[in-house]
Amino acid sequence: MKKLLILTILLMLSSYGNAIEIKLNCSSESSRLNVSGKVQNFSGDSIIEITDLGKIKFIFIKSDIDDLNNISISTVFKSDNKKFHEVIDESDKNKWEIFNKTITNKTSNEDVNSISELSIRVDRNTGQFFLKRNYMINNFIETTNAKGNCEKIDTTKKKF
């Protein structure tokens, strides 16, 4: 549903002449510190799709590493009364860098207090990407760090 919302917004805004759409093929490594204190390391391939419409930016990651698969981050949020959203866009001509923080406060017996933080940086000069994700629920925290080296996919050339 989240990807559908993002794609719908992208289609509506695709008429902007300054839109940058880039696909990157990345060799990736990630490490996860889970709630039991155990560190797990993973490596694999990832595809990063970046859409830059100026003040509105989207980054979407598909990966064969579970911790990186179907991750999306943007500079816009759908409003929700139960959640507080913070968005920081540190992007410039040399990098895309977005930080999102979502806080959910307990409003009933079914809800839990949680904080989700996600930051992604893609360096346009070196081709490297960095990701950090923290998820805190009640007194437990899980942290994922990832990095990788990327090459731009030439979407004008078809193999098939």
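In short, a report on the structure. (Residues numbered from 1 in each chain as written. Predicted model: local features only at pLDDT ≥ 70, side-chain atom pairs only at ≥ 80, totals over all residues. Heavy atoms only, no water.)

## A few points about the overall build of the protein chain
Assigned secondary structure in the protein chain consists of one helix and nine strands. Start at the N end of the protein chain and walk to the C end: the helices and strands fall as α-β-β-β-β-β-β-β-β-β. Taking all contacts inside the protein chain whose residues are at least 6 apart in sequence as the whole, residues at least 24 apart take part in 42%. For the protein chain, the computed accessible surface area is about 10500 Å², with 50% contributed by carbon and sulfur atoms. (Helix = DSSP H or I, 4+ residues; strand = E, 2+ residues; numbered from the N terminus. Contact = heavy atoms within 4.5 Å. Areas by Shrake-Rupley, 256 points an atom, 1.4 Å probe, with all protein chains shown as cover.)

## Looking at the sheet that holds strand β4 (residues 71-74)
Read from one edge to the other, the open sheet built from nine strands follows the order β4-β3-β2-β1-β9-β8-β7-β6-β5, with strand pairing classed as antiparallel. Single-partner strands in this sheet number two, and they are β4 and β5 (83-89). Averaged over all pairs of adjacent strands, the angle between strand axes in this sheet comes to 20°, irrespective of strand direction. Where β5 lies against strand β6 (residues 95-104), seven bridges are found, and the strand directions are antiparallel. Opposite Val 87, over in β6, you have Asn 100 as the bridge partner. (Pairing = 2+ DSSP bridges. Axes fitted to C-alpha atoms, helices over the stretch in contact; angles between N-to-C directions.)

## Section: the nonpolar core
Membership of the largest hydrophobic core comes to 20 residues, with the highest contact counts inside it found for Leu 24, Ile 48, Ile 59, Leu 68, Ile 120, Phe 129 and Leu 131. At the level of secondary structure, the elements contributing two or more residues to this core comprise β1 (20-33), β2 (39-52), β3 (57-63), β4, β6, β7 (114-123), β8 (128-137) and β9 (140-152). Setting aside chain neighbours within four positions, we find Phe 129 in contact with Cys 26, Ser 28, Ile 48, Leu 68, Arg 121, Val 122, Ala 146, Lys 147, Gly 148 and Cys 150. (Core = buried A, V, L, I, M, F, W, Y, C linked by side-chain atoms within 4.5 Å. Buried < 20%, exposed > 50% of the residue type's maximum accessible area, 1.4 Å probe, protein only.)

## Side note on the pairing of β6
Linking β5 back to β6 in an antiparallel pair, the connection comprises five residues. Here β6 runs beside β7; their pairing, made up of ten bridges, is antiparallel. Note that in β7 the partner of Phe 99 across the bridge is Ser 119.

## Remarks on the environment of Thr 156
Within the fold, Thr 156 resides in the segment after β9. A polar contact is formed between the side chain of Thr 156 and the side chain of Asp 154, at a distance of 2.5 Å. (Polar contact = N/O pair within 3.5 Å; in protein donor to acceptor, adjacent residues only side chain to side chain.)

## Some thoughts on unusual backbone geometry
In the Ramachandran plot, Asn 70 falls in the positive-phi region, its phi being about 60° despite a non-glycine side chain. Take Asn 70: it is sitting in the loop between β3 and β4.

## Overview of the side chain of Ser 28
For Ser 28, the location among the structural elements is in strand β1. The class for Ser 28 is buried, based on a relative accessible area of 2%. For Ser 28, the side chain forms a polar contact with the side chain of Ser 46, separated by 2.8 Å.

## Section: the environment of Ser 116
Mapped onto the secondary structure, Ser 116 falls in strand β7. C-alpha of Ser 116 to C-alpha of Thr 102: the two residues are 14 residues apart in sequence and 5.1 Å apart in space. With residues up to four places along the chain from it excluded, the contact list for Ser 116 reads Asn 100, Lys 101, Thr 102, Asn 134 and Tyr 135.

## Some thoughts on the state of the cysteines
Under the definition given, this model contains one disulfide. Across the disulfide, Cys 26 is cross-linked to Cys 150 (sulfur-sulfur distance 2.1 Å). Taking the sign of the S-S torsion, about 105° here, the bridge from Cys 26 to Cys 150 comes out right-handed. Highlighted residues: Cys 26 in strand β1 and Cys 150 in strand β9, separated in sequence by 124 residues. On the basis of relative accessible area, Cys 26 is assigned to the buried category, the value being 1%. (Disulfide = S-S within 2.5 Å.)

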